[in-house]
Amino acid sequence: ALDRDAINQVVFNGVQRTNNQWVSPSNPYYMAKFPMPKRDIARARALMKEAGAGTPALPIPISLDFMVPNSAESRAVAEVMQSMVAEAGFDLKIRVTEFATSLKEAEKGNFQIYFLAWSGRTDPDGNIFVFASCRSPNNNGNYCDPKVDELLTRARTATTPAGRKAAYEEAAAKLLTEGAVIYLYHRTLLFAHAAQLDGYRVMPDGLIRVTGLRLK
């Protein structure tokens, strides 16, 4: 029911990079065999019907608690999502929560859906292991599959890029269909600096490294 490109256009004027994976399409570990799905509202409604929605036991609309950190960006994305999924039969009840409080609530499991941004890491392991492996600290959805744990461990211990990517692709086949996280977009990081500054590179985590910088 979600249209990632529309979210990007409406909220961000097309600045972000839409995607459905834990690494950006510009990353060497991006898995082209799992392209970003397009919005298919007819399919969404069919899946709802298969799940028994529209019956006395599961009346439509299905109301869900949607915890959203209190920022203009997060609220705007949540409101667009709310409008989109309503067409499939979901009623997202947006619960705006201060960011620090939302993290505590997520740790306790006091949510049904949680909107969370991640600053990103330069290595893909930092973007997936703590979110998808059993009993990891950021696995707020409590997803747990020993096979996925095995594959993610294989990826983080592989000695070649090809070996790592193969393990990630096996894990993605399960995570992108049954995992607890739905990926929407990657932030485009924008930095301004004086023309005299030389050697600056934008890193995926947004942190500024001063190594190699010099003023001309």
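Reading the values: rules and limits
Here, residues in each chain are numbered from 1, in the same order as that chain's written sequence. It should be noted that, the model being predicted, local features are given only for residues of pLDDT at least 70 and side-chain atom pairs only at 80 or more, the latter also being counted only at that level, while totals for whole chains, interfaces and linings use all residues. Hydrogens and water molecules were not included; the side-chain quantities draw on all heavy atoms of the structure. Helix and strand definitions follow DSSP, with helices as H or I runs of at least four residues and strands as E runs of at least two, each counted in order from the N terminus. Throughout, exposure labels follow a simple rule: accessible area from a 1.4 Å probe, protein chains only, divided by the maximum for the residue type, with under 20% read as buried, over 50% as exposed, and the rest as partly exposed. Residue contacts are counted whenever heavy atoms from the two residues lie within 4.5 Å of one another. Areas reported here follow the Shrake-Rupley algorithm with a probe of radius 1.4 Å; residue values treat only the protein chains shown as occluding. In this tally, Lys and Arg are treated as positive and Asp and Glu as negative; His is ignored, and so are the chain termini. Note that the charge is assigned to NZ on lysines, CZ on arginines, CG on aspartates and CD on glutamates. In plain terms, two cysteine sulfur atoms within 2.5 Å form what is called a disulfide here.

Participant: So what exactly am I meant to see when it comes to the overall build of the protein chain here?
Facilitator: When you go through the protein chain residue by residue, the secondary structure sums to 7 helices and 7 strands. Taking the principal axes of the C-alpha coordinates as reference, the protein chain spans close to 70 × 40 × 35 Å. Residue burial in the protein chain is summarised as follows: out of 216 residues, 36% are buried. Partitioning the contacts of the protein chain with sequence separation of at least 6, the portion at a separation of at least 24 is 60%. Total accessible area on the protein chain is roughly 12,600 Å²; 55% of this is exposed by carbon and sulfur atoms. Each charge class in the protein chain can be summarised by its mean position, and for the 26 positive and 22 negative side chains these summaries are 4 Å apart.

Participant: Would you mind going over the state of the cysteines with me for this structure?
Facilitator: Note: disulfide means a covalent bond formed between the sulfur atoms of two cysteine side chains. Applying the stated criterion across every chain, the model contains 1 disulfide. Each sulfur in the disulfide pair C134 and C144 lies 2.0 Å from the other. Between C134 and C144, the S-S dihedral sits near 100°, and the bridge is therefore right-handed. One end of the pair, C134, is in the loop between α5 (125–132) and α6 (146–157); the other, C144, is in the loop between α5 and α6, and 10 residues separate them in sequence. C134 gets classed as buried once you look at its relative accessible area, which sits at 11%.

Participant: It is not clear to me how the environment of S133 should be interpreted in this structure. Could you clarify?
Facilitator: As for its placement among the helices and strands, S133 is situated in the loop between α5 and α6. As a C-alpha pair, S133 and L151 span 18 residues in sequence and 9.8 Å in three-dimensional space. In contact with S133, other than residues within four places in its own chain, are I128, N139, Y143, D149 and L152.

By themselves these figures say nothing about function.
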